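# Breakdown of the fold
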Amino acid sequence: MKIGSVSENQKIEKRISITPEIAKKYISIGFEVHLSKNYGAHLGISDKEFKNFGVKFSDDENEIINLSNIIVQLGLLSEDKCSLIKEDKTLIGVLNPFDNKEKLVKLRKNKINLFSLELLPRITRAQSMDILSSQANLAGYKAVVESFAYFEKAIPMMMTAAGTIPAAKILVVGAGVAGLQAIATAKRMGGIVFATDVRMASKEQVESLGGKFLTVQGAENLETEGGYAKEASDDFKKKQEELLSETLKKIDIVICTALIPGKKAPVIIKEDMINNMQAGSIIYDLAAIQGGNTAFTKADEIIEKYGVKIMGESNILNKLPMSASSLYAKNVFNFVENLFDKENKKLNINLEDEIIEKTLIK
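Nothing here was measured: the structure is a model prediction, and the numbers come from that model.

In terms of regular secondary structure, the protein is built from 12 helices and 17 strands. Computed over C-alpha atoms, the radius of gyration of the protein comes to 22 Å, within 12% of the 21 Å expected from 2.2 N^0.38 for 362 residues, which places it in the range of a compact globule. Here the C-alpha coordinates of the protein stretch approximately 65 × 45 × 35 Å along the principal axes. Surface accessibility of the protein: about 17100 Å² in total, with carbon and sulfur atoms responsible for 49%. Considering the protein, the positive charge centre built from 48 side chains and the negative charge centre built from 47 side chains are found 2 Å apart.

Have a look at this one:
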């Protein structure tokens, strides 16, 4: 069995799907690994590091796609490369079926097995494959670091002979994996941290990290069976707005992480709320790629409104590509290992396995 990966468009994506450490693991369970020339060079990983473990390289990416039984990537390949994938081959990655529906339907008609890893069920057995959690952890950490770099005051409380500098107040909107890591990071760096989420189960998690959970009076638990947030009712949104409006008046830094799978990000922080914030405050919006949680968010731009800087990246993980690649590659390997019949050296697409059934695009 041959597994391959070709270089991503590095203007959009700097992460890689196979690291030298993971290439060694694939080879140890019986795979041949094929990569495009200079696959990890932009991360400082030479082809030699891969070759030491037996990886084969080609400067013809079409050849790699043609000969690989399994192709692993970050995102969906370009249309010309997708057209090279043959019947019964397997493509694994973050295929974004909500936005790429037509392209994926076309690939399915060509009898190509498509696995989209963001569809993994949130069950214990899938935790080692959970790309959303591993990547969101890094995103939450980096969002705090980036926002602190732009904030023009100290973060922790400092008591000096000249007087006391108060600790910065940070609000995290959305207490999923990224939000919880943001809370932990901000707390470690000396901030006073508040958080809000539509899922009441988040309260205990936020408080365990030293954050204060802001609860909407009479709040409903808006959590799906899979553990994701679902859209709030109009009544809840109104109460949440009132709570946020008052809270934001005393907040220095806001980290937004609220996303609804497959939908535009909810606009939580409205113009009038931003207008009431203190000049010099920062909003870092991790939901920028899906429209953003604020009224003004634009991906890859810093917008200043009423003295408040609003920041968002289309792919914040491009700022941590080594760490993000390491975790992503491990997640993918664990997924492939679950698919692979080692004894017969072939894939076993067992639809009775919830992990396989949920991630397979039908």
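On we go.
A few words now on helix α7 (residues 177-188). In an α-helix, one turn spans 3.6 residues; hence positions three or four apart end up facing the same way. Between its first and last C-alpha, α7 extends 17 Å over 12 residues, near the 16 Å set by a 1.5 Å rise per residue. Counting buried residues in α7 gives nine out of 12 residues, a clear majority hidden from the surface. Those residues of α7 that are buried are in contact with α6 (131-150), β9 (169-173), β10 (192-196), α8 (202-208) and β12 (253-256). Looking one or two places after α7, you find Gly190, whose phi comes out positive at around 100 degrees.

Quick look at the sheet that holds β12 now. A sheet is described by the order of its strands in space; here seven strands give the open sequence β11-β10-β9-β12-β13-β15-β14, paired in mixed fashion. If you trace the sheet from one side to the other, it starts and ends with β11 (212-213) and β14 (301-305), each paired once. Here strand β13 (residues 282-285) pairs with strand β15 (residues 308-312) via three bridges, running parallel. Bridge pairing in β15 places Ile282 opposite Lys309.

Next up on the list: unusual backbone geometry. Positive phi, close to 50 degrees, is recorded for Asn96, a residue that is not glycine. Considering the arrangement of structural elements, one finds Asn96 in the loop between β5 (90-93) and α5 (101-109).

As a further point, take the packing of aromatic side chains. Applying the stated rule across the entire model yields six aromatic pairs. A ring pair is formed by Tyr26 and Phe333, whose centres lie 5.1 Å apart and whose planes are at 70 degrees; its orientation type is edge-to-face. You can see Tyr26 sitting in helix α1 (residues 20-28) and its partner Phe333 sitting in helix α11 (residues 321-339), a full 307 residues away along the chain. The pair Tyr26 / Phe333 is uniform in exposure class, with both members buried. An angle of 35 degrees between the planes, with centres 4.4 Å apart, marks the rings of Phe31 and Phe340 as tilted. Remark: Phe340 occurs in strand β16 (residues 340-341) and Phe31 occurs in the loop between α1 and β2 (32-36); sequence separation between them is 309 residues. Overall, Phe31 belongs to the buried group, its relative accessible area being 4%. Through successive ring pairs, a cluster of aromatic residues spans Tyr26, Phe31, Phe333 and Phe340.

This next bit is on the sheet that holds β2. The strand order across the open sheet built from six strands is β3-β2-β1-β4-β5-β6, with neighbouring strands paired in parallel fashion. Each having just a single partner strand, β3 (56-58) and β6 (113-116) make up the two edges of the open sheet. Mean inter-strand twist for the sheet, computed between neighbouring axes without regard to direction, equals 20 degrees. Of the pairings in the sheet, the one linking β5 to β6 comprises four bridges and is parallel in character. Opposite Leu91, over in β6, you have Leu114 as the bridge partner. Where α11 meets the sheet, its contacts fall on β1 (2-5), β4 (70-72), β5 and β6, and the angle it forms with β5 comes to roughly 145 degrees.

If you walk through the whole model with that rule in mind, you get 13 salt bridges. Linking Lys142 and Glu146 is a salt bridge whose minimum nitrogen-to-oxygen distance equals 3.6 Å. Of this pair, Lys142 and Glu146 are both found in helix α6, four residues apart, which corresponds to roughly one turn of the helix. Across the pair Lys203 and Glu207 runs a salt bridge, and its minimum N-O distance is 2.9 Å. Of this pair, Lys203 and Glu207 are both found in helix α8, four residues apart, which corresponds to roughly one turn of the helix. For Lys203, a relative accessible area of 31% gives the class partly exposed.

The next thing to look at is the nonpolar core. Ile18, Tyr26, Ile92, Phe335 and Val336 are the most contacted members of the largest nonpolar core, which has 37 residues in total. Those elements that provide at least two residues to this core are α1, β2, β4, α11 and α12 (354-359). If you tally residues by element for this core, the top one is α11, at seven residues. When near neighbours in sequence (up to four residues on either side) are disregarded, Ile92 contacts Ile70, Ile71, Val72, Gln73, Phe115, Leu117, Val332, Phe335, Val336 and Leu339. Val144, Phe148, Val172 and Met311 belong to the second largest nonpolar core, which has 31 residues in total.

A pair of packed helices is characterised by two quantities: the angle between their axes and the separation of those axes. For the pair α6 and α7, the least separation of the axes is 7 Å and the interaxial angle reads 40 degrees. By the angle class used here, α6 and α7 are oblique. Relative to α7, α6 is oriented so that their crossing is right-handed. Residue-level contacts link Ser133, Ala136, Asn137, Gly140, Tyr141, Val144 and Phe148 of α6 to Val177, Ala178, Gln181, Ala182, Thr185 and Ala186 of α7. Classifying every residue of the contact of α6 with α7 gives eight nonpolar, five polar and no charged.

Conventions adopted
In every chain, residue numbers begin from 1 and rise along the written sequence. Given that this is a predicted model, residues contribute local features only at a pLDDT of at least 70 and side-chain atom pairs are listed and counted only at 80 or more, while totals for whole chains, interfaces and linings are drawn from all residues. Values reported for side chains reflect all heavy atoms of the structure, with hydrogen atoms and water molecules removed beforehand. Where helices and strands are cited, they refer to DSSP runs of H or I of at least four residues and of E of at least two residues respectively, numbered from the N terminus. The globule rule used for comparison is 2.2 Å times the number of residues to the exponent 0.38, while the radius of gyration itself is calculated over C-alpha atoms. Only the protein chains shown count as covering a residue, and every accessible area follows the Shrake-Rupley method with a 1.4 Å probe. His is not counted here, nor are the chain ends, while Lys and Arg score as positive and Asp and Glu score as negative. To locate a charge, the coordinates of NZ of Lys, CZ of Arg, CG of Asp or CD of Glu are taken. For a helix, the expected span equals 1.5 Å multiplied by the number of residues minus one. A simple rule labels every residue: compare its accessible area, found with a 1.4 Å probe on the protein chains alone, to the largest value its type can have, and call it buried under 20%, exposed over 50%, or partly exposed in between. Residue contacts are counted whenever heavy atoms from the two residues lie within 4.5 Å of one another. Any two strands with at least two DSSP-identified bridges between them are counted as paired. Put simply, two rings from Phe, Tyr or Trp (the six-membered ring, in Trp's case) pair if the centres are within 6.5 Å, and we call them stacked under 30 degrees between planes, edge-to-face over 60, tilted for the rest. Axis definition: a line fitted to C-alpha atoms, limited for helices to the stretch in contact. Angles are taken between N-to-C directions and run from 0 to 180 degrees. In what follows, salt bridge is the name for a side-chain nitrogen of Lys or Arg lying within 4 Å of a carboxyl oxygen of Asp or Glu. Among buried residues, those of type Ala, Val, Leu, Ile, Met, Phe, Trp, Tyr and Cys that are joined through side-chain atoms within 4.5 Å constitute a nonpolar core. Comment on the angle field: the value is read as roughly parallel under 35 degrees, roughly antiparallel over 145, roughly perpendicular from 65 to 115, and oblique elsewhere. Crossings are assigned a handedness: left-handed for a near helix turned anticlockwise from the far helix by less than a right angle, right-handed for a clockwise turn. Each residue gets one of three labels, nonpolar for Ala, Val, Leu, Ile, Met, Phe, Trp, Tyr, Cys and Pro, charged for Asp, Glu, Lys and Arg, and polar for the others, Gly among them.

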